[in-house]
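Working through the structure, step by step
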Amino acid sequence: MSKGARAGAVIVSFFAVIGLLVWAVVGYLRTSPPTVSASTSSTPGVVNLTMQTDGAVGVGPHPNWVGYFVQDANGGWHQTTLIQLPANSDIHVTLYEYDSGGTLRNNVWSQVEGTVGNVAYVNGVAESIVNPNTSTGNGIAHSFNVPALGINVPMYGVSGSAKNFCSSGPCNLSEAHTTMTFDFKTGAAGTYRWQCFVPCGLGFLNGNGGPMTALGYMAGFLKVV
Amino acid sequence: MSKVVLDESRSDESTKGHISKILISWAVASIIGMSLVWFVLGPHLPPGTMTDQAAGQQFDIKFVSTLAVPVLFFVWFFFGYSIMKWRVRPGEDPLAGGANIRGNSKAQGTWYILTTVIVLGMAVYGTYFLVVPAGAGGGEGASPIWTPATKNMLQVQVIAQQWRFTYRWPQFGGMETTSLELPLNTEIQFNVTSLDVIHDFWAYQLGVKADANPDYNNIAFAKTQQTGRFVVRCDELCGIWHGAMYNYGNVVSQSQFQTWATNMEKQNAAVTKLLPKYATTYTPSYSGAGGGYYNTATDPNASL
């Protein structure tokens, strides 16, 4: 091979490697779950937010991870934890919980906090404590916790041995679930971090890795605008 | 190669005259600078005066900053004077050397003694102010040797967990809260621990900073002396949401604190019953969520 050909091969290889690196970095930076807006309701000043938690999201790069789906105004489900809400509004949340549960590492998270009346409705029954020890035996699966707004809502799990247990998301209402409803008020515009406080990242140290750390699974942001 | 020629005319200049000029201008500037740092900048230096520990740290920073002024000015003035006085002027030979360098045992001795006094003095000062104000707000471990004079202290257990702090109050029925309110003019004992990995409780304006280790009680002290808002941050990289692990607290009047604590005790009564009996460390349930990833060899309930 002539000197010129070798030099050309080196230059082409160099730019090919650089191009691949740029492509990978840009692709990674652009990877983000979608932001879903809460849908309006018939009551002025109130918007509806409908979500579900699944034991396995069934889609994306980690189909076996636990995660959230958020419903858009057209009824479509999106695997995401980025939610857009209006500022200074009442948010009516309906949350379908499809995952199995267990005891909490810190039982303080069994208390409902920061919602209107400091209660959540578990299958229609108002509760201020979602007691992992005295529930239907399925413990706490996940929690919806927004530190800056003082919100904590624990969710009862469903039996992992239920015949109609949802093994892969997005789940539907014919499968075993707990329905949680609660209301909270958004404050000023801003971005609020939220996460699950039940270490549910199975297979990771202390259960706090993997989905517990990842956007689109068990941690995200409320974008209040 | 050109030959360097000494400019003998420069060696005729009076050394004493130069030293006097440098010393007088340095002394005047230092007195002004030290006064400005002590009286003007000093009261605004971090971390403020919300607790005795914070005030002590502010005093230390003020003291060291004031001491640094003459040292800094001496370097600046010497260089400034040298540049102005002995620079090469137009028409002079830039390769001509100055006066011959010669030893000066008096200058060297003064330098040795002065730097030794400063360094040793700072060491003594630092050690004294670490010991006297009960550990200077740092975590002293489970058995602190530098403790406040009073034994009547408000106990606050700081429980760090990925990625939030909670607070437990043994003198208020063992309740656990997600917010932190502290009464004015009260000696506080912070018992800092963790539920999972290593965190760090850093209440910046309180002048308190202590590592939070799982299964370990790290004790720090502070006495509140000013009302206001303070921020609590985790200061040990503890995972991907480490940067989001912070909250705000307040130092309030004693009556406001009593009202808050009484209300919280009442509000949290039901969940307090679910908490384990108060202990200086907070060992999570091995069978609890994520518990399967603890070391089962040391799990006391492994056989259950």
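Refer to the preceding data block for the structure.
This section reports on the structure supplied with the text. What you are looking at is a predicted structure, and each value in this text was computed from that prediction instead of being measured. (Residues numbered from 1 in each chain as written. Chains lettered and ligands numbered in written order. Predicted model: local features only at pLDDT ≥ 70, side-chain atom pairs only at ≥ 80, totals over all residues. Heavy atoms only, no water.)

Structural notes on the overall build of chain B
Tallying secondary structure elements over chain B gives 5 helices and 10 strands in all. Put simply, chain B has 304 residues, and 39% of those count as buried. Residue pairs at least 24 apart in sequence account for 69% of intrachain contacts in chain B once pairs closer than 6 positions are excluded. (Helix = DSSP H or I, 4+ residues; strand = E, 2+ residues; numbered from the N terminus. Buried < 20%, exposed > 50% of the residue type's maximum accessible area, 1.4 Å probe, protein only. Contact = heavy atoms within 4.5 Å.)

Some thoughts on the interface of chain B and chain A
Counting from both sides, the interface comprises 29 residues of chain B and, opposite them, 34 residues of chain A. For the pair chain B and chain A, the summed buried surface comes to about 2,700 Å²; carbon and sulfur atoms form 55% of the total. For the pair chain B and chain A, the interface holds 0 salt bridges. Applying the counting rule to chain B against chain A returns 10 residue pairs in polar contact (both at pLDDT 80 or more). Of all the secondary structure elements, the ones that give two or more residues to the side of chain B that touches chain A are strand E2 (164-169) and helix H5 (269-272) of chain B. Partitioning the side of chain B that touches chain A into residue classes produces 15 nonpolar, 11 polar and 3 charged. (Buried area = accessible area lost by both parts, 1.4 Å probe. Salt bridge = Lys/Arg side-chain N within 4 Å of Asp/Glu carboxyl O. Polar contact = N/O pair within 3.5 Å; in protein donor to acceptor, adjacent residues only side chain to side chain. Nonpolar A, V, L, I, M, F, W, Y, C, P; charged D, E, K, R; others polar.)

Here's the deal with the pairing of strand E7 (residues 90-97) of chain A
All names here are of chain A. With respect to burial, E7 is a largely interior element, 6 of its 8 residues being buried. As judged from the 8 bridges shared by strand E3 (residues 46-54) and E7, these two strands associate in the parallel manner. Paired with Val-46 across the bridge in E7 is Asp-90. Examined bridge by bridge, E7 and strand E12 (residues 178-185) share 8 bridges and lie antiparallel to one another. Opposite Thr-94, over in E12, you have Thr-181 as the bridge partner. (Pairing = 2+ DSSP bridges.)

A word on the pattern of salt bridges
Counting across every chain of the model gives 3 salt bridges over all chains. A salt bridge links Asp90(A) to Lys185(A); its shortest N-O distance comes to 2.7 Å. Of this pair, Asp90(A) sits in strand E7 while Lys185(A) sits in strand E12, placing them 95 residues apart in sequence. Within the structure, one salt-bridge network assembled from shared partners comprises Asp200(B), Lys209(B) and Asp235(B).

So, the state of the cysteines
Here the structure, examined in full by the defined rule, presents 1 disulfide over all chains. Across the disulfide from Cys166(A) sits Cys171(A); the S-S distance is 1.9 Å. Disulfide Cys166(A)-Cys171(A): the torsion about the S-S bond is -80°, which places it as left-handed. Here Cys200(A) is not cross-linked by a disulfide; its sulfur's nearest cysteine counterpart is in Cys196(A), at 3.9 Å. Residue class for Cys200(A) comes out buried when judged on its relative accessible area of 9%. With no disulfide of its own, Cys234(B) has Cys238(B) as its nearest cysteine by sulfur position, at a separation of 3.8 Å. Take Cys234(B): its relative accessible area is 6%, and that puts it in the buried class. (Disulfide = S-S within 2.5 Å.)

Details of the sheet that holds strand E1 (residues 154-161) of chain B
Residues and elements named next belong to chain B. The 5 strands lie next to each other as E3-E2-E1-E5-E8, forming an open sheet whose pairing is mixed. In this open sheet, the two strands that pair with only one neighbour each are strand E3 (175-177) and strand E8 (218-223). Between one strand axis and the next, the sheet turns by 25° as a mean value, whatever way the strands run. The pairing of E1 with E2 spans 5 bridges and is antiparallel. Bridged to Val-158 within E2 is Tyr-167. Where helix H4 (residues 254-267) meets the sheet, its contacts fall on E1, E2 and E3, and the angle it forms with E3 comes to roughly 105°. (Axes fitted to C-alpha atoms, helices over the stretch in contact; angles between N-to-C directions.)

Thoughts on the environment of Tyr125(B)
All names here are of chain B. As for its position among the elements, Tyr-125 is in helix H3 (residues 105-131). Each C-alpha atom, one on Tyr-125 and one on Leu-23, is 27 Å from the other, the two residues being 102 residues apart in sequence. The residues touching Tyr-125, leaving out its near neighbours within four places in the chain, are Phe-59, Asp-60 and Phe-63.

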